[in-house]
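# Summary of structural features
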There are 4 protein chains.
Amino acid sequence: MTSYFSDHANHPANLICDLCRQFYDNNWVTGTGGGISIRDVDGPNPNVVYIAPSGIQKERLRPKEMFVAELPEKILRSPNQDNDKEQISPDLAANFKYKPLACTPLFLSIYNLRDAGAVIHTHSQNAVLATMIWEDRLEFKINHQEQIKALPKLELNTKTGRIEKIGSLQNHETMVIPIVDNTPLEEDLTDTLTETLQKYPGATAVLVRRHGIHVWGENIWKAKVYNEAIDYLLELAIKMHQNGIPLIKE
Amino acid sequence: MTSYFSDHANHPANLICDLCRQFYDNNWVTGTGGGISIRDVDGPNPNVVYIAPSGIQKERLRPKEMFVAELPEKILRSPNQDNDKEQISPDLAANFKYKPLACTPLFLSIYNLRDAGAVIHTHSQNAVLATMIWEDRLEFKINHQEQIKALPKLELNTKTGRIEKIGSLQNHETMVIPIVDNTPLEEDLTDTLTETLQKYPGATAVLVRRHGIHVWGENIWKAKVYNEAIDYLLELAIKMHQNGIPLIKE
Amino acid sequence: MTSYFSDHANHPANLICDLCRQFYDNNWVTGTGGGISIRDVDGPNPNVVYIAPSGIQKERLRPKEMFVAELPEKILRSPNQDNDKEQISPDLAANFKYKPLACTPLFLSIYNLRDAGAVIHTHSQNAVLATMIWEDRLEFKINHQEQIKALPKLELNTKTGRIEKIGSLQNHETMVIPIVDNTPLEEDLTDTLTETLQKYPGATAVLVRRHGIHVWGENIWKAKVYNEAIDYLLELAIKMHQNGIPLIKE
Amino acid sequence: MTSYFSDHANHPANLICDLCRQFYDNNWVTGTGGGISIRDVDGPNPNVVYIAPSGIQKERLRPKEMFVAELPEKILRSPNQDNDKEQISPDLAANFKYKPLACTPLFLSIYNLRDAGAVIHTHSQNAVLATMIWEDRLEFKINHQEQIKALPKLELNTKTGRIEKIGSLQNHETMVIPIVDNTPLEEDLTDTLTETLQKYPGATAVLVRRHGIHVWGENIWKAKVYNEAIDYLLELAIKMHQNGIPLIKE
């Protein structure tokens, strides 16, 4: 029987727990909102992805509470199968059934379409507020900020049909993040998102109005850096708006 | 003699200390404002509840400083009875007398009326400010936010006369939290609150104007998640108000 | 030779270090701004007071870096006398000379006039901003807030000539904190402050315009609670002002 | 072979890691934005400087990831030379090439022109927002604030041609920080900065518009204190602006 876990600090299941604690302190995930998924890019099977469970205190996650899937969409392991369930989290009632994050189909879709190494989903208030301040827009755009350099320059390689990273954005260039409308069920976002990913080959994130943001990258460290930079820019944009400063400098 | 304490990290007396430290960092409780009470739902007597003491540094609480009560309203144990009092908290003068939180009758009332597993009371500035921005209203209402999904859908079962959780709110539904006026003595809030609980079977929280909020749930983890989600929505609502965005979307 | 230090976590020299770290995280003290002084009220000589040094990273203080004084105003011990100075703080150049906080005369004055057990001085931006928003006023006043209950009700006992605590403020009562103007030298504040303490027997704090706040209490835990409550109320007052809500409710 | 590392907590390579973690929590550096450089002023060769690498998670830096240079501008050691590279950071792909911070020439320039002991570069939103609120100005100026006292009074000694610290600013004096425009490449800032350093002998920091701030001092502890005080004043200035309070009091 394969083990999906390891003591190594950088194993995906351990990193998800570690980063969820850090993101909780950053107000990006709350007890039940938001989540992280990591693909085991350096492991024996790079199509294996780890996904945080739904409805669990994000700052108290444990590695064995993870779901494990194989791309494109097979669930390999559920924490409910674990004989040793009470060990997983003593906070839960004995009859508790783990569920994967509601955004799991959406995460898998991003892995499949973008060959991503990790996907981060936050309910950051900077993301949510920005989609309401600019409620009539379908894109969030900002330019002339040093922090923009942290973001990747992506391009569709028309020969291979894949999106490739060809460098970083320059600080005077415009970062564009598409905004899609929220849906009653998180599962229903998948179609809209798929369409948007195809329409915006340069995007490394999608804002969901009155909901939050999905950010991905070639590995978890890149995804984390993109998420930090985008959240910084969203926060700054809101302050600029409140001080009457336009986001786009001609 | 029964012991009311245990080394188990999830024992109510230990969890109250742990979460008070976390809530202090979140600015929900201060040195003396706010508090937590947990019912020993998985213990030998599920009518036993633990209540934090009043006037003690919330981020430095120790398990043996808790009061223990039995529902509906008997005090079983006071930290003043402890022979080993100096061990409880070396911060206190020798003649210090512990008092239970002033909101104890109110907490017990919520346990009795709602069959709750835990009650959280915070002085969060988001709660206090919202009750002043909307000073003329008796309800705080917001809809069309993903975070609303974290909250329970409650309904009065007319056969049993009990409030039952029948699912979660949907993101387009309206979360309603009643607002009651503050009283000079915290004890006097109990009558108003009892009335309000009966009038609002769907509520899992009550705002107290210029004071704070009481949030409850079927166990401490649910109460914590509800409190996080409500505080997030109150904070967001204030930012929406400051940016001219209505809280209710038609 | 008397030792001014101890391993006990609640010894004044240890508590100053511990609380300075906590206050640094709360943004009340910075590398060199603000400070804490504690009187050894439970020690062999209750007129001994410990005072943090000036110009030292507040979040990295060590117990042996404290100055020790005896009321009314004798310096008993300076960290410069320590033979083992390099052990005190390896961060300092070999020829570094410790100086007590510039507000030391002011601290001693508060101890002498109010029989205080501890004095806290912060550069909290809530305090500084409030003194500028209400630049033309000589008092900061707010009422009808639950948090006001954390503050003491003080009265001059005309027989003994001492200020006595006769209870706590009620939530509908008005908290009054006098505001004095800043002076080029911190030492020069002492006269103004002395005058103000006599004029305001009910005050447990004084705001210094464009500078910060001094808060005191019968012991360090009370002083800490008063400081937390006042800072909370100053922060709330600024938000109320920005939302057009008057601080005084008729 | 010389070792550039040590177990001592105050060794430059260790301090950079320690302070980057602290600055990450203060929101001054993010995953890849900002950085710290420290000169080994107390070491065998006081012209040796340590520089954080570029593009590495700032809150997870390890000492052996540092670049080491000798003033005026020779690189002595790169983390890429380390045979034991995988030990440095298990987060990195095997073929990862470390690069020194893009602002390295700028850091070296500050060391050479100002005889500094440490340089801090942050992307603090207070710095960035201030340069946009006052987009048409070439200087940030504020006076009559107690926190100004934390900053050095610097003067050109016309005999030696060196900038010397002759004391601290007084609280009624005006702190002046020049603002330079950002450039597409961080390397290109060096010329503008050199010019500005010569024009402003009294400055201990330079703001870069829509980018961040560079702060230096005679050693890392002073640089840290100056950075904290300046960031405090920038944050306060933005709040003053939003409340209609002028930064300069006549």
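Everything numeric here is computed off the predicted structure, so don't read it as measured data.

Contact residues are listed per partner, giving 29 residues for chain D and 26 residues for chain C. Between chain D and chain C, a total of about 2,300 Å² is buried, with carbon and sulfur atoms accounting for 44% of that surface. The salt bridge involving D:Lys224 is made with C:Glu59; its shortest N-O contact spans 2.7 Å. On the surface where chain D and chain C come into contact, there are 19 residue pairs in polar contact (both at pLDDT 80 or more). For the side of chain D that touches chain C, the secondary structure elements donating two or more residues are helix 1 (12-25) and helix 6 (220-242) of chain D. With 9 residues, helix 6 of chain D is the single largest residue contributor to the side of chain D that touches chain C.

With that out of the way, let us pick up the relation of the copies chain D and chain C. The operation relating chain D to chain C is a screw motion whose rotation component is 90°, with 0.0 Å of axial translation and a residual RMSD of 0.0 Å. When the rotation and shift are considered jointly, the pair of chain copies conforms to a four-fold rotation axis.

Residues and elements named next belong to chain D. Applying the stated rule across the entire model yields 56 salt bridges over all chains. Residue arginine 210 pairs with glutamate 135 through a salt bridge whose shortest N-O separation is 3.2 Å. Highlighted residues: arginine 210 in the loop between strand 10 (205-208) and strand 11 (212-217) and glutamate 135 in the loop between helix 4 (125-133) and strand 6 (139-142), separated in sequence by 75 residues.

Quick look at the domain arrangement of chain A now. Residues and elements named next belong to chain A. Domain assignment breaks chain A into domain 1 (1-101) and domain 2 (121-249). Inter-centroid distance (C-alpha atoms) of domain 1 to domain 2 is 25 Å. Note on domain 1 versus domain 2: buried area summed over both sides is about 980 Å², and carbon and sulfur give 68% of it. Taken together, domain 1 and domain 2 are joined by 0 salt bridges. The interface formed by domain 1 and domain 2 includes 3 residue pairs in polar contact (both at pLDDT 80 or more). Secondary structure elements with two or more residues in the side of domain 1 that touches domain 2: helix 1 (12-25) and strand 1 (35-39). Sort the elements by how many residues they give to the side of domain 1 that touches domain 2 and helix 1 lands first, with 4 residues. Split into classes, the residues belonging to the side of domain 1 that touches domain 2 amount to 8 nonpolar, 6 polar and no charged.

Residues and elements named next belong to chain C. The strand order across the open sheet built from 9 strands is 4-3-2-1-5-11-10-9-6, with neighbouring strands paired in mixed fashion. Of all strands in the sheet, those bounded by a partner on one side alone are strand 4 (74-77) and strand 6 (139-142). Between one strand axis and the next, the sheet turns through 20° on average, direction left out of account. In this sheet, strand 11 (residues 212-217) lies alongside strand 5 (residues 118-122) in antiparallel orientation, the contact comprising 5 bridges.

The rules behind the values
- The residue numbering used here restarts from 1 in each chain and proceeds along that chain's sequence as written.
- Here every chain gets a letter starting at A, and every ligand a number starting at 1, in the order they are written.
- Two thresholds apply to this predicted model, a pLDDT of at least 70 for residue-level local features and 80 or more for giving and counting side-chain atom pairs, whereas whole-chain, interface and lining totals are computed over all residues.
- In computing side-chain values, all of the structure's heavy atoms are included and hydrogens and water are not.
- Contacts between residues were defined by any pair of non-hydrogen atoms, one from each residue, lying within 4.5 Å.
- Defined in terms of a 1.4 Å probe, buried area is the accessible area two parts forfeit on being brought together, summed over both.
- Within this document, salt bridges are pairs made up of a side-chain nitrogen of Lys or Arg and a carboxyl oxygen of Asp or Glu, the two lying within 4 Å of each other.
- In protein, a polar contact means a hydrogen-donor-capable atom and an acceptor-capable atom, both N or O and within 3.5 Å, with residues adjacent in sequence counting only if both atoms are side-chain atoms; elsewhere, any N or O pair within 3.5 Å suffices.
- Going along the chain from the N terminus, every DSSP run of H or I of four or more residues is numbered as a helix, and every run of E of two or more is numbered as a strand.
- Least squares is used to superpose the copies, and the fit set is the C-alpha atoms of residues whose pLDDT is at least 70 in both copies.
- Boundaries between domains were set according to an automatic or database domain assignment.
- Here the term charged refers only to Asp, Glu, Lys and Arg, the term nonpolar to Ala, Val, Leu, Ile, Met, Phe, Trp, Tyr, Cys and Pro, and the term polar to all other amino acids, Gly among them.
- The rule for pairing is simple: two strands pair if DSSP sees at least two bridges between them.
- Comment: axis = line fitted to C-alpha atoms, over the contacting stretch for helices; angle = value between 0 and 180 degrees taken between N-to-C directions.

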